[in-house]
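Breakdown of the fold
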Amino acid sequence: SYEFNSSSSEGAILALPEGAGKEDLANDLEFRQVALENAAAWYHFAYFHLGRTSISNDSLYLITGYHKSSTWSLASFSQADRNTAFSLSFTAGPAVNGNVTAAYSWAQGATNSVIPRSCPHDGYNQENPNQTLFIRGYKIA
């Protein structure tokens, strides 16, 4: 169980009970150069061959890295009273075979402005971290 406190009127907390993995291209500068040389052709392909007619000139991204996890839980809050202590408690389910079970709960203090989310909802495979949390790359414009 973890407890979070904030004096801010808004914010978010991301809990990763199983941690996360990170992957990055070893040399993303080569990919950056290819993107610079081929951006117009990529937009043309997306627009004319894939039918993405609502695409704008800054809609394509070249992903060069990511963080993934098998589980996550997020709580966001807004309009919390700055004069009242604000706290959230996160509790993960029991450990089974060394893994935290996918049962999370958020308990909130003196505010009703918390929106909790967790994934996956029913079971998960720790060996298959398929929940993308963050991406890195280049915006193609």
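What this report covers is the structure whose coordinates are included nearby. (Residues numbered from 1 in each chain as written. Predicted model: local features only at pLDDT ≥ 70, side-chain atom pairs only at ≥ 80, totals over all residues. Heavy atoms only, no water.)

1. Focus on the nonpolar core
Of all hydrophobic cores here, the largest spans 5 residues; its members are A35, A39, Y43, L62 and I140. Top contributing element to this core by residue count: helix α1 (residues 28-49), with 3 residues. Dropping the residues within four chain positions of it, Y43 is found in contact with I55, S56, N57, D58, S59, L60, I140 and A141. (Core = buried A, V, L, I, M, F, W, Y, C linked by side-chain atoms within 4.5 Å. Buried < 20%, exposed > 50% of the residue type's maximum accessible area, 1.4 Å probe, protein only. Helix = DSSP H or I, 4+ residues; strand = E, 2+ residues; numbered from the N terminus. Contact = heavy atoms within 4.5 Å.)

2. As for the sheet that holds strand β11 (residues 131-140)
Pairing is antiparallel across the open sheet formed by 3 strands, whose spatial order is β3-β4-β11. Strand pairing shows two members of the sheet lacking a second neighbour, β3 (21-24) and β11, which therefore form its edges. When the angles between neighbouring strand axes are averaged without regard to direction, this sheet yields 25°. With 4 bridges joining them, β3 and strand β4 (residues 60-69) adopt antiparallel strand pairing. Across the sheet, D24 pairs through a bridge with G65, a residue of β4. Where α1 meets the sheet, it contacts β4 and β11, and its direction lies at approximately 70° from that of β11. (Pairing = 2+ DSSP bridges. Axes fitted to C-alpha atoms, helices over the stretch in contact; angles between N-to-C directions.)

3. Regarding the sheet that holds strand β10 (residues 114-119)
Strand order across the open sheet formed by 3 strands is β2-β5-β10, with antiparallel pairing between neighbours. One side of each edge strand has no neighbouring strand; the edge strands of this open sheet are β2 (11-15) and β10. Averaged over all pairs of adjacent strands, the angle between strand axes in this sheet comes to 10°, irrespective of strand direction. In the sheet, β2 pairs with strand β5 (residues 72-77) via 5 bridges, with the strands oriented antiparallel.

4. Observations regarding the pairing of β5
Where β5 and β10 come together, 6 bridges link them in antiparallel fashion. If you follow F77 over to β10, its bridge partner there is V114.

5. Brief notes about a nonpolar patch on the surface
Taken together, L14, L16, L74 and F134 make up a surface patch of nonpolar side chains, about 310 Å² in accessible area. Looking at L14, the relative accessible area reads 36%, which means it is partly exposed. (Patch = residues over 30% accessible without salt bridge, like charges linked within 9 Å, V, L, I, M, F, W, Y side chains within 5 Å. Areas by Shrake-Rupley, 256 points an atom, 1.4 Å probe, with all protein chains shown as cover. Salt bridge = Lys/Arg side-chain N within 4 Å of Asp/Glu carboxyl O.)

6. Side note on α1
Here α1 spans only 27 Å end to end across 22 residues, well under the 32 Å set by a 1.5 Å rise per residue. N38 marks where α1 bends most, by close to 65°. Buried within α1 we find A35, A39, Y43 and A46. Of the surrounding elements, those touching the buried residues of α1 are β4 and β11. The opening residue of α1, the one whose side-chain oxygen lies 3.3 Å from the backbone nitrogen of L29, is N27. Where α1 ends, the next residue or the one after it, G51, has phi of about 75°, a positive value. (Expected span 1.5 Å × (residues − 1). Bend = angle between axes of the 7 residues up to and from the residue. Polar contact = N/O pair within 3.5 Å; in protein donor to acceptor, adjacent residues only side chain to side chain.)

7. Notes on the pattern of salt bridges
When the charged atoms of two side chains lie near each other, side chains of opposite charge can form a pair. Counted by the stated rule, this structure contains 3 salt bridges. Here D58 makes a salt bridge to K139, at a shortest N to O gap of 3.6 Å. In this pair, D58 sits in the loop between α1 and β4 while K139 sits in strand β11, placing the two residues 81 residues apart along the sequence. Exposure remark for K139: the relative accessible area of 46% places this residue in the partly exposed category. Through salt bridges with shared partners, a single network forms among K22, D24 and R136.

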